[in-house]
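One letter stands for each residue in the lines below.
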Amino acid sequence: MTAPDPKADLAFCLQSARDALLWKLEGLSEYDIRRPLTPTGTNPLGLVKHAAGVELGYLGDTFGRPSGEPLPWLGDGAEPNADMWAAADESRDRIVALYRRSWAHADATIDALALDTIGKVPWWPDGKDEVTLHHAVVRVIADTHRHAGHADIVRKLLDGAVGMNKGNDSMAPGDSTWWEEYRSRLERAAREAGRRDTD
């Protein structure tokens, strides 16, 4: 058994979430990575743009390590949710490159500071704004995995691709017929439960 290495564990979990989120863009058209696929506008490229800002904020600014990256969509006067979608002139390459730079900046913060280092989250209320680096990293991991899950669902809606990455779909084995039968069985169970609920 190897000795515990909390930073390495956190870094592994964070990187797996980052990789999963970026994989959801692979093979999609410019239209499909921007399409609002839920009533609240969830779209794959917007999730990546949001995740970049989260990392730069929590694992940069919070610990007095600003990145210098211009993020106008998070500035004063920006429209609500401006970080959750990409304008037509914001290229995929630009947003992905920003996300990768945010990783490097966040990773440098994690490497440079002890996990018990205290930072101040600029957008949290005074007096309730202190956070340890450990807490901030866990928060970013949770947020990134949450959004990777959102991206997984919207990607299924687009072309049926599922899973953590191309070589690891984490799904039960089965062809399209098996999945159709499985989904039908779930629908029947839901309808049966719904009927009992109305009796």
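(A) Main features of unusual backbone geometry. Positive phi, close to 65 degrees, is recorded for Asn-81, a residue that is not glycine. On the secondary structure map, Asn-81 appears in the loop between helix H3 (44-58) and helix H4 (92-112).

(B) Region of interest: the nonpolar core. Core analysis: the largest hydrophobic core is formed by 26 residues, its most contacted members being Leu-21, Leu-22, Leu-25, Leu-45, Val-48, Leu-98 and Tyr-99. At the level of elements, helix H1 (6-23), H3, H4 and helix H5 (133-159) are the ones that each hand at least two residues to this core. Among the elements that line this core, the one with the most residues is H3, at six residues. Not counting the four nearest positions on each side in its chain, Leu-21 is found in contact with Leu-47, Val-48, Ala-51, Tyr-99, Thr-144, His-147, Ala-148 and Ala-151. Ranked by size, the runner-up nonpolar core spans 18 residues in total, among them Leu-59, Ala-106, Ala-136 and Val-140.

(C) Region of interest: the packing of aromatic side chains. One pass over the structure, following the stated rule, counts three aromatic pairs. Ring geometry for Tyr-58 and Trp-124: centres 6.1 Å apart, planes at 70 degrees, overall edge-to-face. Of this pair, Tyr-58 sits in helix H3 while Trp-124 sits in the loop between strand S1 (118-120) and strand S2 (130-132), placing them 66 residues apart in sequence. Assigned by exposure class, Tyr-58 and Trp-124 land together as buried. Residues Tyr-99 and Trp-103 carry aromatic rings whose centres are separated by 5.3 Å and whose planes lie at 80 degrees to one another, so their mutual orientation is edge-to-face. Of this pair, Tyr-99 and Trp-103 both sit in helix H4, four residues apart, which is roughly one turn of that helix. Owing to a relative accessible area of 0%, Tyr-99 belongs among the buried residues under this scheme. Under the relative-accessibility criterion, Trp-103 is labelled buried at 9%. An aromatic cluster is present here, built from Tyr-58, Trp-123 and Trp-124 joined pairwise through their rings. The side chain of Lys-49 reaches across the aromatic face of Trp-73, ending 4.4 Å from its centre.

(D) Local environment of the side chain of Arg-18. Summarising the element assignment, Arg-18 is placed in helix H1. With relative accessibility at 1%, the residue Arg-18 sits in the buried group. Here the side chain of Arg-18 touches Gln-15 through a polar contact of 2.8 Å, side chain to side chain. Leaving out residues up to four positions away in the same chain, Arg-18 has contacts with Glu-55, Tyr-99, Trp-103, Ala-106, Asp-107 and Thr-144.

(E) Examining the pattern of salt bridges more closely. Counting across every chain of the model gives 11 salt bridges. Residue Arg-34 is joined to Glu-30 by a salt bridge in which the shortest nitrogen-to-oxygen separation is 2.8 Å. Of this pair, Arg-34 and Glu-30 both sit in helix H2 (residues 30-34), four residues apart, which is roughly one turn of that helix. Assessed through its relative accessible area of 38%, Glu-30 is described here as partly exposed. We note a salt bridge from Asp-32 to Arg-35, for which the minimum N-O separation is 3.0 Å. With relative accessibility at 18%, the residue Asp-32 sits in the buried group. You can call Arg-35 partly exposed: its relative accessible area is 27%. If you follow the salt bridges from partner to partner, you end up with Arg-18, Glu-55 and Asp-107 in one network.

(F) Main features of H3. Taking 1.5 Å of rise per residue, 15 residues should cover 21 Å, and H3 covers 21 Å from first to last C-alpha, within 8% of that figure. Buried residues dominate H3, accounting for 15 of its 15 residues.

Rules of the game
By convention here, each chain's residues receive numbers from 1 onward along its written sequence. Reporting in this predicted model follows two pLDDT cut-offs: at least 70 for local features of residues, and 80 or more for side-chain atom pairs to be given and counted; totals over whole chains, interfaces and linings ignore these cut-offs and use all residues. The basis for every side-chain value is the complete set of non-hydrogen atoms in the structure, without hydrogens or water. Secondary structure follows DSSP: runs of H or I at least 4 residues long count as helices, runs of E at least 2 residues long count as strands, and numbering of each begins at the N terminus. Each nonpolar core is a collection of buried residues, namely Ala, Val, Leu, Ile, Met, Phe, Trp, Tyr and Cys, held together in the definition by side-chain atoms within 4.5 Å. To sort residues, take the accessible area from a 1.4 Å probe on protein chains only and compare it with the maximum for the residue type: under 20% means buried, over 50% means exposed, and anything in between is partly exposed. Contacts were defined at the residue level, with two residues in contact if any of their heavy atoms lie within 4.5 Å. Two aromatic rings from Phe, Tyr or Trp, using only the six-membered ring of Trp, form a pair when their centres are within 6.5 Å; if the ring planes differ by under 30 degrees the pair is stacked, by over 60 it is edge-to-face, and anything between is tilted. Should the NZ of a Lys or the CZ of an Arg lie within 6 Å of a ring centre and within 35 degrees of the ring normal, that charge is described as sitting over the ring. Polar contact is defined as a pair of N or O atoms within 3.5 Å, subject to the rule that within protein one atom must be able to donate a hydrogen and the other to accept it, and that residues adjacent in sequence are counted only when both atoms are side-chain atoms. Whenever a carboxyl oxygen of Asp or Glu lies within 4 Å of a side-chain nitrogen of Lys or Arg, that contact is scored as a salt bridge. To estimate how far a helix should extend, the number of its residues minus one is multiplied by 1.5 Å.

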